[in-house]
Amino acid sequence: MAEVKLTQVNKRYGNIHAVHDVDLTVADEEFVVLVGPSGCGKSTTLRMVAGLEEISGGTIDIGGRVVNDLPPRDRDIAMVFQNYALYQHMTVYDNLAFGLRNRKVPEADIRKEIDRAASILGIQPLMARKPKQLSGGQQQRVALGRCIVRNPAVFLFDEPLSNLDAKLRAQMRIELKELRTRVATTSIYVTHDQVEAMTLGDRIVVMKDGLVQQIGTPLELYRTPANRFVGSFLGSPAMNFVDVTVVQKNGGLVLSDFGADIVLPDAMAAALAGHVGKNVVIGLRPEHILMGEGSSEGTIRLDGSIVLTEQLGAQQLVELRVGERTVMAAGVDPDLRLQGGDAGRFSIALDRVHVFAAGDSGPVLWSAGKGQVTAPLRHVS
Amino acid sequence: MSVATDTGYTPPKRGSFLDALAPGGKRAFFLLSVLGVLLIFAFPVFWLVLTSMRPAWGVYYVHRGLEFTLGNYLEVLEQEVVVHAFFNSFVIATLSTFFSLTVTVTSGYMLSRFTGKLANAWFGTIYIFRTIPYITWVLPLYFVTQWWGIFDTYLGLLLPHIAVHICFFSWLMKGFFDGIDPSMESAALIDGCTRWGAFLRVALPSALPGIAALSILCWLWTWNEFLFALILTSHNTPMITVVMAQFVSELGTEWNLMSATAVMAMVPALIVAIFGQKYVVRGLKV
């Protein structure tokens, strides 16, 4: 049981600055997910916590002890690797016992610990087998077991589910979640899969190019992304982005070029006042684009045509064309008979709209979602 | 997933030469090819064994007459130098295998896992030495062993052999370690091992099939080696490959004796082929 605290942690490989000034505090028994595209520095950050990579700058503190110069074995951590990393020449039992034997735990206690872990994970019948005789899911359970028997202060997970097929991955995700309730331990989990991040994390850390983009609970990040990148990374189907221009018209501000002009309400106009004449980007979640008129105040109504539909059974995805642009709408009633070429009117509640500055990671300018926008943003040129 | 299901169209199978043959023909073709290969490789050995059992006058007419004898073997084994040479070859092959493997395993591991100046320098060194033709090593080594006073001793033969093995086999060893997942060692580090502990207790046992294969290859290489044995030894430490060649004399070549020695020298190789084959195949697959 321990708190993990990263302060201004940096990693440089020669000229490559892989991790920039990461500040992160993982509370005791909290489950934090680091997520981002490959090469964003999330695995490097995790390996620095584990002690498998040296730290170029900053401090890492586990349970109130600075561990910068401690070797991995003295950090009281356990780690699950992407390819399980089971010792191929040992039986499952010896794999589980390895760490405890290294710590000179009496053999009787080792047996007790292994029995406990094996019953949690349901791997008792596998004890005499070698890793090569196990399926992917079984190997993954053994790898988890190797962590559990050690009773470490911190669990580290490096993309543990990415080698499993889709069905097994979903199942193991649920098992991991159940495991958390039985073995509550501070955990840091690295993944590139946004679904894993959303479902497993108490909090999510989104990273890109070695920089933390945003830290928050899954819903905070989903509803109030700090920048365009976070908006695009979380959610499936992905957020729509529409380039528009802020224009002064009739004494107020409008966003032009997305079908008709969108007249901005006062609060939004105030937020965008500094961007008159500039390009900005509207971010729209597909499920917030509704077919039809919409009812409430503050709704944008746009006319467009349907390009194509994708029937998923529970819902339809509809690709719409408005003027020159296309956007994807989700959550459409599957029984609606829609065809490519049909004209359609659809509506977007203005309080669901995000506005970002131009650019791939343009910071959010306006977001009416619930929750605070936490945006410790810096840009690297 | 089948390509054919969507369109109902099955692309015609691309016929290879073997597919065109009838099932029986395929089998016959296979047997004939094996026979052909066997003929090329096994016939000389067969001829060698026949020659070794012929009396001296019969060696040029091995295909004529049926007089066979084991006398050649006895005659050869009565020569002290031959027995001595067998012993020397065995000792040199075993020792050089042992010593070169201890270096090769660690050096292959370093090449596989570490980057940096030291690893690069080592990599460059053995790369350069590997590109030098084997035969050009011999003359300088002759002078060096003379100068150090270890010419015609075990040491004078062992050191060059070990050096060559390190250059040649570090690469193979690197390949074995490349095939072993490094995160296994990371897991060991977290599980309480030091860096050396992770190497010795996790990486090394996983590489054992490869190491076994390499030691077999290494031993056979030294056993069969001729050039170093010829140049770097004299009467004190005769090696079997050299002694075998010394049945050529001014009075002619004693083919029958030479063949008998050669057949006996083949025995270790055969033993290895029969019992060690499993390890060599498994090891080279790692």
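One structure accompanies this document, and this report is about it. (Residues numbered from 1 in each chain as written. Chains lettered and ligands numbered in written order. Predicted model: local features only at pLDDT ≥ 70, side-chain atom pairs only at ≥ 80, totals over all residues. Heavy atoms only, no water.)

All names here are of chain B. Take E250: it is sitting in the loop between strand 1 (248–249) and strand 2 (252–253). With a relative accessible area of 80%, E250 lands in the exposed category. For the pair E250 and M239, spaced 11 residues apart in sequence, the C-alpha separation works out to 21 Å. (Helix = DSSP H or I, 4+ residues; strand = E, 2+ residues; numbered from the N terminus. Buried < 20%, exposed > 50% of the residue type's maximum accessible area, 1.4 Å probe, protein only.)

On to the interface of chain B and chain A, then. Opposite the 16 residues of chain B that make contact, chain A presents 22 residues. Interface area, chain B with chain A, both sides summed: about 1,600 Å², of which 60% is carbon and sulfur. Three residues, I190(B), D191(B) and R201(B), lead the burial of chain B against chain A; their summed loss comes to 42% of the area buried on that side. Among the ionic pairs, R150(A) bridges to D191(B), the shortest N-O distance being 2.9 Å. Taken together, the elements giving at least two residues each to the side of chain B that touches chain A come down to helix 9 (182–190) and helix 10 (195–224) of chain B. Ranked by the residues each element gives to the side of chain B that touches chain A, the list is headed by helix 9 of chain B, at seven residues. In terms of residue class, the side of chain B that touches chain A is built from eight nonpolar, five polar and three charged. (Contact = heavy atoms within 4.5 Å. Buried area = accessible area lost by both parts, 1.4 Å probe. Salt bridge = Lys/Arg side-chain N within 4 Å of Asp/Glu carboxyl O. Nonpolar A, V, L, I, M, F, W, Y, C, P; charged D, E, K, R; others polar.)

With that settled, the discussion passes to the sheet that holds strand 19 (residues 343–349) of chain A. Residues and elements named next belong to chain A. Overall, antiparallel pairing links the five strands, which are arranged 15-19-16-17-18 in an open sheet. Since the sheet does not close on itself, it has two edges, and those belong to strand 15 (289–291) and strand 18 (325–332), each with one partner. Neighbour-to-neighbour, the strand axes of the sheet open up by a mean angle of 45°, direction not taken into account. Pairing of strand 17 (residues 316–322) with strand 18, which is carried by six bridges, proceeds in the antiparallel orientation. Residue R321 lies in a different strand from strand 18, and its bridge partner there is T326. (Pairing = 2+ DSSP bridges. Axes fitted to C-alpha atoms, helices over the stretch in contact; angles between N-to-C directions.)

Attention shifts here to the pairing of strand 8 (residues 186–191) of chain A. All names here are of chain A. Across the six residues of strand 8, six count as buried, placing the element largely inside the fold. Burial of the side chains of strand 8 extends over both faces: T186, I188 and V190 are buried on one face and S187, Y189 and T191 on the other. Note: strand 3 (residues 31–35) against strand 8, five bridges, orientation parallel. Each bridged residue has a counterpart across the sheet, and for V33 the counterpart in strand 8 is Y189. As paired strands, strand 7 (residues 154–158) and strand 8 are joined by five bridges and run parallel to one another. Note on strand 8: the bridge partner recorded for F157 is Y189. Assessed by its sense of winding, the connection that carries the chain from strand 7 through helix 5 (residues 166–182) to strand 8 is right-handed. (Right-handed = clockwise from strand over helix to strand, strands pointing away.)

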